[in-house]
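For reference, the chains in residue letters:
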Amino acid sequence: MRIISGKFKSKRLQAPKNLPVRPTTDIAKEALFNILNNLYYFQEIVVLDLFSGTGNISYEFASRGTENITAVDAHYGCIKYINTISKELDISINALKSDAFKFLDKNNSKYDIIFADPPYDFEIEKFEEIITLVFKNELLSDEGVLILEHSKHTNLTENSHLSYQKKYGGNMFSFFEKNSTLE
């Protein structure tokens, strides 16, 4: 995996092989950040990276100047790796070992961007639970967005908070906002 842009542009990172991860592809990540670049000043936002795995998305935000990043993953090895890379790059990522659902249920912070990349084999109900917890607990700022990465075979179009979707190969990004723009 590599960092696409910013301070650490083109930096390659090699995650340990024993981590249970599927990092977002460079092509999909670049496309996602091209969208976000038009919506946010990265230096001014608060980010939550759920199911963070290797920290791939968190590093991209940090490289672009985001200083307030929380990465949550249930696997100790993933959190350890994120902490190691954060120290190596001298960036501040608050990496927490926690079940994402428990974190969303107990947390009361506000985020401008919540990015979640759960396992692709999640049942649709688990994706819906993420969306429900984010909006029920009012975890997004007024202009905030929840972005779910999922398989193109996962249909989330019935959710009233869905704003839009972008497909990249087998990957899909679904964007959810307080006031959806879809009719």
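Everything discussed here concerns the structure shown above.
Values in this document were obtained by computation on a predicted structure and should not be read as measured data.

**Student:** Can you break down unusual backbone geometry residue by residue, with the values?
**Tutor:** Unusually for a residue other than glycine, serine 10 sits at a positive phi of about 75 degrees. Within the secondary structure layout, serine 10 lies in the segment before helix H1 (26-37). Owing to a relative accessible area of 46%, serine 10 belongs among the partly exposed residues under this scheme.

**Student:** Can you break down the pattern of salt bridges residue by residue, with the values?
**Tutor:** Using the criterion set out here, one finds 6 salt bridges in the structure. Of the charged contacts, one joins lysine 11 and glutamate 88 as a salt bridge, the two residues approaching to 3.7 Å between their closest N and O atoms. On the criterion of sequence distance, the pair formed by lysine 11 in the segment before H1 and glutamate 88 in helix H3 (residues 76-89) is long-range, its members being 77 residues apart. For lysine 11, a relative accessible area of 29% gives the class partly exposed.

**Student:** Tell me about the sheet that holds strand E4 (residues 111-116), and please be specific about residues and values.
**Tutor:** Across the sheet, which stays open at both edges, the 7 strands sit in the order E3-E2-E1-E4-E5-E7-E6 with mixed pairing between neighbours. Every interior strand has two partners, whereas the edge strands, strand E3 (93-97) and strand E6 (162-168), have only one. Ignoring which end each strand starts from, the neighbouring axes of this sheet average 15 degrees apart. As defined by bridge partners, strand E5 (residues 140-151) adjoins strand E7 (residues 171-176) across 6 bridges and the pair is classed as antiparallel.

**Student:** Quick rundown of the nonpolar core? Include the residues and the values.
**Tutor:** Among the nonpolar cores identified, the biggest contains 35 residues, and Leu32, Leu36, Tyr59, Phe61, Ile113, Ile147 and Phe175 are the most heavily contacted of them. Among the secondary structure elements, those contributing two or more residues to this core are H1, helix H2 (56-63), strand E2 (68-73), H3, E3, E4, E5 and E7. Ranked by residues supplied to this core, first place goes to H3 with 6 residues. Residue contacts for isoleucine 147: discarding those within four places in its chain leaves Leu32, Leu36, Ile113, Ile114, Phe115, Ala116, Phe173, Ser174 and Phe175. Residues Ala116, Phe127, Leu139 and Leu156 belong to the second largest nonpolar core, which totals 25 residues.

About the criteria used
Residues numbered from 1 in each chain as written. Predicted model: local features only at pLDDT ≥ 70, side-chain atom pairs only at ≥ 80, totals over all residues. Heavy atoms only, no water. Helix = DSSP H or I, 4+ residues; strand = E, 2+ residues; numbered from the N terminus. Buried < 20%, exposed > 50% of the residue type's maximum accessible area, 1.4 Å probe, protein only. Salt bridge = Lys/Arg side-chain N within 4 Å of Asp/Glu carboxyl O. Pairing = 2+ DSSP bridges. Axes fitted to C-alpha atoms, helices over the stretch in contact; angles between N-to-C directions. Core = buried A, V, L, I, M, F, W, Y, C linked by side-chain atoms within 4.5 Å. Contact = heavy atoms within 4.5 Å.

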